[in-house]
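Below are the chains, spelled out letter by letter.
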Amino acid sequence: MEIKNKNVFVTGSSRGIGLAIAHKFASLGANVVLNGRSALSEDLLGQFADYGVKVVGISGDISSSADAKRMVAEAIEALGSVDILVNNAGITKDGMMLRMTEEDFESVLKVNLTGAFNMSQAVLKPMTKAREGAIINVSSVVGLIGNAGQANYAASKAGLIGFSKSLAREVAGRNVRVNVIAPGFVESDMTAVLSDKIKEAMTGQIPMKRFGQPDEVAEVAAFLARQEYLTGQVIAIDGGISM
């Protein structure tokens, strides 16, 4: 798929990996929908001024089916279509299984997995009608290998992989592709607050001995959007943790 002049909706794109993905697509000439639960600032939208593309801020809760449908409708009204959907938004509520509450388990699945379902379902009808589209779901290395204290998060991210492979089979005949990125430990607001000792321990698990960068994940997203014969695949960008 030629990315220039396409319209890309990136959920959870007010910061971190989602924002890096939005910048990458804009740099390639795509119009971008930035998204978050709360209203997006003018300063954030202003970051995209130099790309010469359209940028739209649409806030809402992806875990709500009604909100997902509204947001996609607003994006189509503003830009004409949603050609590429990146389901990046996600939350964590970590805790060991013996102390994890039912609410902590279900709320993570509702955002990370049901949210991707809601957004994907909302874009599928126009994508299949156009016979072109790409859905890129951001999972995690935790969805591939698990992690103590993250049973809820791992379940949501592993579920996203199964969801993506099933959906890819459903829509391949309509030239809509569905793929997954599984990032490992990536520099972010969350990792920035960790102590040096914890960072050192995490880095010790990575064969390449460093954290990834959001821009590196964004490169994979652009690659998956471009490749017209690639669907149902999981690309782990994790410095070798899952190999």
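What you are looking at is a predicted structure, and each value in this text was computed from that prediction instead of being measured.

### Examining the pairing of strand β5 (residues 133-138)
1) Next: With respect to burial, β5 is a largely interior element, six of its six residues being buried.
2) Next: Side-chain alternation along β5 places Gly-133, Ile-135 and Asn-137 on one buried face and Ala-134, Ile-136 and Val-138 on a second face that is also buried.
3) Next: Pairing of strand β4 (residues 84-87) with β5, which is carried by four bridges, proceeds in the parallel orientation. Within the sheet, the bridge partner assigned to Asn-87 lies in β5 and is Asn-137.

### Comments concerning helix α1 (residues 16-27)
1) Next: Between the first and last C-alpha of α1 there are 17 Å, a value that for twelve residues agrees with the 16 Å anticipated at 1.5 Å per step.
2) Next: Counting buried positions over the twelve residues of α1 gives ten, a clear majority of the element.
3) Next: When α1 is considered as a whole, its buried residues turn out to be Ile-17, Gly-18, Leu-19, Ala-20, Ile-21, Ala-22, His-23, Lys-24, Phe-25 and Ala-26.
4) Next: Following α1 by one or two positions, Gly-29 has its phi on the positive side, about 95 degrees.

### What to know about the pattern of salt bridges
1) Next: Considering all chains together, one arrives at six salt bridges under this definition.
2) Next: As a salt-bridge pair, Lys-24 and Glu-219 come within 3.0 Å of each other at their nearest N and O atoms. Highlighted residues: Lys-24 in helix α1 and Glu-219 in helix α9 (residues 214-226), separated in sequence by 195 residues.
3) Next: One salt bridge connects Arg-210 with Glu-216, and the closest N-O pair in it is separated by 2.8 Å.
4) Next: Owing to a relative accessible area of 40%, Arg-210 belongs among the partly exposed residues under this scheme.
5) Next: Exposure remark for Glu-216: the relative accessible area of 30% places this residue in the partly exposed category.
6) Next: Taken together, the salt bridges that share partners define one network made up of Asp-67, Arg-70 and Glu-74.

### Some details on the UniProt feature "domain: Ketoreductase" (unreviewed entry) in the protein chain
1) Next: According to UniProt, the feature "domain: Ketoreductase" (unreviewed entry) maps to residues 6-189 in the numbering used here.
2) Next: Taken end to end, residues 6-189 comprises 47% helix and 18% strand; its first and last C-alpha atoms sit 29 Å apart.

How each quantity is defined
- Residues numbered from 1 in each chain as written.
- Predicted model: local features only at pLDDT ≥ 70, side-chain atom pairs only at ≥ 80, totals over all residues.
- Heavy atoms only, no water.
- Buried < 20%, exposed > 50% of the residue type's maximum accessible area, 1.4 Å probe, protein only.
- Helix = DSSP H or I, 4+ residues; strand = E, 2+ residues; numbered from the N terminus.
- Pairing = 2+ DSSP bridges.
- Expected span 1.5 Å × (residues − 1).
- Salt bridge = Lys/Arg side-chain N within 4 Å of Asp/Glu carboxyl O.
- UniProt positions renumbered as here; feature names shortened; annotations may be inferred.

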